[in-house]
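One-letter residues, chain by chain:
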Amino acid sequence: MTIIATIPGSPSDIFRSAATLPKTRSSTSLKSATTSTANDGISASPTLCNLERAESIECNSENSREISFLDLSPTELNVSEALGSRASETIECVRINRCRMTGEGFASIVDSLCQFDLPSLHTVDISQNHVGGAQAAYALQKLLVHAPAIRFLYLGWNQLALSDLKQLASVPSHTFKVSYLDLRSNPLSAQQKTRSKKDSLASTAISNNASCARWIDSLVESLPELTHMLMAQAFIDDQTLSAFMSALTHPESRVEYIGLEWVGLGSRLSTLSTIMKGLAPTPSKVSTRSLHLNLAANNLGDSGIEAISQSGARLTSITLACNFVTERGTGLLAKWLPESGLTSLDLSDNYFGDQGIVSLLDLDTVRKSPDTFATELKLLGLNSCCLSDISLRMLSEALEYKWAPLETLRILRNSRISPGAKITA
């Protein structure tokens, strides 16, 4: 059987950043031999919440099932007026973005929303505001209890601390249906200057308290249907992050995607090591679910890759894009891959060149066992890695010797590869 991957002539037209969610990719498929842009990522709503940022007045039209406030002042946020003559039972999405809304303002909005029946509401997006503090926590809890169908919570770019969400675990014997939680770019440890000194000291005490892990476990247990957790660019201390990751990756957890881009793990290698070791199977901790871990843009370097490769971690997919990985790092990954359980590895935007591919493939070892696959990889991301035709020839040979049951290879934005170059196996 011949498997061919054709390099497109204009790869720059299909650009995706390292921060892109999993399954939202530009790829060259080894099965179809064509370049495609697949965008099948998580959708808050197939008909409503994937709309382009339109004017609020348009989203609040008579036929819309969305209540939307965009770029308004806090005094202009009026739920009743936005709802108009529409039946509240039809509303599926509430979106309030870039409105300088505070925790107090959010509480006021929730009070207004709770005056209506909202059985169909599944998406709440209050990203890019100033929401945070105790009032916001109580308001969020109130809204989730009032509208139990909510599954998608976009809370990014606010002033929320993880301890604010602690309130969700305080409802006796109550769980929520949230499956997608976006906490990107929030001061989750509440130790930034944007929060008061009093709040900062209180949060520090919580983080240092031995009960930290217990209340975080309770928080995650209150979200039993959570599958996607986004924390890119969040400020979170080592202890809280370790406890949170331990809860999210518990064998009984259903979480399948954790986004930890731009959280500075390259300078926190002990925490990185703790997180990855927590993914290593033990007799008392064996998980069969798929898990994708996004560690893009953490400045990991080869030292970070070493911590990962020596952890014994097993997971389905990992993104290591934009991490200054060299050929030494790819060599370390080569030793870990056979035992990692990985079916997807993204090394895009690491400029290790052809020598990095030599180290990653480790052909001398692969040739010794040509009858069994050396790794389980089905997807390999190598966009912008300074590769040339030499890398393609090595990949072809590796596939002939069953290096991996590879189905999808991403090799866009490698200008040293000749136009029309092919991989054959």
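The sections below set out a description of the structure shown in this document. Just so you know, these numbers come straight off a predicted model, no measurement behind them.

Turning our eyes to something else, we now look at the pattern of salt bridges. Counting across every chain of the model gives 13 salt bridges. The partner of Glu225 in a salt bridge is Arg151, and the shortest N-O contact between them spans 2.9 Å. Taken together, the residues span a long stretch of sequence, with Glu225 in the loop between α6 (212-221) and β9 (228-230) and Arg151 in the loop between α4 (134-146) and β7 (152-154) at a distance of 74 residues. The class for Glu225 is partly exposed, based on a relative accessible area of 24%. For Arg367, the salt bridge is made with Glu397, and the minimal N-O distance between the two is 2.7 Å. Taken together, the residues span a long stretch of sequence, with Arg367 in the loop between α12 (363-366) and β14 (379-381) and Glu397 in helix α13 (residues 389-400) at a distance of 30 residues. By relative accessible area, Arg367 is classed as partly exposed at 33%. Given the relative accessible area of 26%, Glu397 is considered partly exposed.

A few words now on the environment of His292. With respect to the helices and strands, His292 occurs in strand β11 (residues 292-294). Separated by 34 residues in sequence, His292 and Ile258 have C-alpha atoms that sit 6.4 Å apart.

On to the nonpolar core, then. Formed by 111 residues in total, the largest nonpolar core has its most connected members in Leu295 and Leu382. The leading source of residues in this core is helix α7 (residues 238-248), at six residues. Apart from residues no more than four positions distant in its own chain, Leu295 is found in contact with Leu260, Leu265, Leu272, Met276, Leu300, Ile308, Ile318, Thr319, Leu320 and Asn323. Counting five residues, the second largest nonpolar core, distinct from the first, contains Phe152, Tyr154, Tyr180 and Tyr257.

The subject of this paragraph is the side chain of Arg86. Mapped onto the secondary structure, Arg86 falls in the loop between α2 (79-83) and β5 (93-97). Although Arg86 is buried, it forms no salt bridge, and the closest oppositely charged side chain is Glu66 at an N-O distance of 7.9 Å. At a separation of 2.8 Å, a polar atom in the side chain of Arg86 contacts the main-chain carbonyl oxygen of Ser64. Within polar-contact distance, the side chain of Arg86 engages the backbone oxygen of Ala82 at 2.6 Å.

Attention now moves to the packing of aromatic side chains. Across all of its chains, the model carries two aromatic pairs by this definition. Between the aromatic rings of Phe152 and Tyr180, the centroid separation amounts to 6.1 Å while the plane-to-plane angle is 50 degrees, which identifies the pairing as tilted. Placement of Phe152 in strand β7 and of Tyr180 in strand β8 (residues 180-182) is noted, with a sequence separation of 28 residues between them. Here the aromatic residues Phe152, Tyr154 and Tyr180 are joined through ring pairs into a cluster of three or more. We note Arg367 situated over the ring of Tyr401; from NZ or CZ to the ring centre the distance is 6.0 Å.

The rules behind the values
Residues numbered from 1 in each chain as written. Predicted model: local features only at pLDDT ≥ 70, side-chain atom pairs only at ≥ 80, totals over all residues. Heavy atoms only, no water. Salt bridge = Lys/Arg side-chain N within 4 Å of Asp/Glu carboxyl O. Helix = DSSP H or I, 4+ residues; strand = E, 2+ residues; numbered from the N terminus. Buried < 20%, exposed > 50% of the residue type's maximum accessible area, 1.4 Å probe, protein only. Core = buried A, V, L, I, M, F, W, Y, C linked by side-chain atoms within 4.5 Å. Contact = heavy atoms within 4.5 Å. Lys, Arg positive; Asp, Glu negative; His and termini not counted. Polar contact = N/O pair within 3.5 Å; in protein donor to acceptor, adjacent residues only side chain to side chain. Phe/Tyr/Trp six-rings, centres within 6.5 Å; stacked < 30°, edge-to-face > 60°. Lys NZ or Arg CZ within 6 Å of the ring centre and 35° of its normal.

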